[in-house]
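# Summary of structural features
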Amino acid sequence: TTAKIDVYVPSDIDFANTDLEKHLVFGFADMSQTEEWWTSPEQYVVEGADFVVGEWNTYTFDLTATDALTREDLDMIYLGIGGGGHTVGANFYIRNLTFE
């Protein structure tokens, strides 16, 4: 009923002077049945004060808060860090993706 993932975002990433955002999205989608998988995902967003920089942080997602456990068409897991549509690169680290 939960997913957990450890994420490390280095503190030297310049969020103020780039188009990178303090933003993390974790989710599930139907990739095999539609080329537009982003139109009906089950996703969880972390931003603002909940987005931790400079130390490892375990993010926990309650899968019962969406239809992720009951949908039978989900076949893709995704993780996005830093927002979308930017051209600035950055290193982010992940480990220990677990489902309980």
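As shown above, the structure is provided for reference.
Let me begin by describing the structure that accompanies this report.

Conventions used here
- Residues numbered from 1 in each chain as written.
- Predicted model: local features only at pLDDT ≥ 70, side-chain atom pairs only at ≥ 80, totals over all residues.
- Heavy atoms only, no water.
- Buried < 20%, exposed > 50% of the residue type's maximum accessible area, 1.4 Å probe, protein only.
- Helix = DSSP H or I, 4+ residues; strand = E, 2+ residues; numbered from the N terminus.
- Pairing = 2+ DSSP bridges.
- Core = buried A, V, L, I, M, F, W, Y, C linked by side-chain atoms within 4.5 Å.
- Contact = heavy atoms within 4.5 Å.
- Phe/Tyr/Trp six-rings, centres within 6.5 Å; stacked < 30°, edge-to-face > 60°.
- Axes fitted to C-alpha atoms, helices over the stretch in contact; angles between N-to-C directions.

To continue, consider the pairing of strand 3 (residues 42–47). Here strand 3 shows a clear split, with Glu-42, Tyr-44 and Val-46 buried on one side and none of Gln-43, Val-45 and Glu-47 buried on the other. Here strand 2 (residues 23–29) runs beside strand 3; their pairing, made up of six bridges, is antiparallel. Residue pairing in the sheet places Val-25 in a bridge with Val-45 of strand 3.

Nonpolar side chains in soluble globular proteins generally cluster together in the buried interior. Ranked by internal contacts, the top residues of the largest apolar core, which has 19 residues, are Val-7, Leu-24, Tyr-44, Phe-51, Tyr-59 and Phe-61. Broken down by secondary-structure element, the contributors of at least two residues to this core are strand 1 (2–8), strand 2, strand 3 and strand 4 (56–62). Each residue touching Val-7, except ones within four places of it in the same chain, is listed here: Leu-24, Glu-55, Trp-56, Asn-57, Tyr-59, Ile-81, Tyr-93 and Ile-94.

The next thing to look at is the packing of aromatic side chains. A full pass over the atoms with the stated rule returns ten aromatic pairs. Summarising the aromatic geometry, the rings of Phe-26 and Phe-61 are spaced 4.9 Å apart at their centres and angled 15° between planes, so their arrangement reads as stacked. With Phe-26 in strand 2 and Phe-61 in strand 4, this pair connects stretches of sequence that are 35 residues apart. With respect to class, Phe-26 is no different from Phe-61; both count as buried. With 5.7 Å between their ring centres and 40° between their planes, Tyr-44 and Phe-61 make a pair best called tilted. Of this pair, Tyr-44 sits in strand 3 while Phe-61 sits in strand 4, and the two are 17 residues apart along the sequence. Using a relative accessible area of 9% as the deciding quantity, one classes Tyr-44 as buried. Look at Phe-61 and you get buried, because its relative accessible area is 5%.

Below, the discussion takes up the sheet that holds strand 2. The strand order across the open sheet formed by three strands is 3-2-5, and the pairing between neighbours is antiparallel. Each edge of the sheet is formed by a strand with only one pairing partner; in this case those strands are strand 3 and strand 5 (76–81). Shown here is a sheet whose adjacent strand axes are inclined to one another by a mean of 10°, direction ignored. Where strand 2 lies against strand 5, six bridges are found, and the strand directions are antiparallel. If you follow Ala-29 over to strand 5, its bridge partner there is Met-76.

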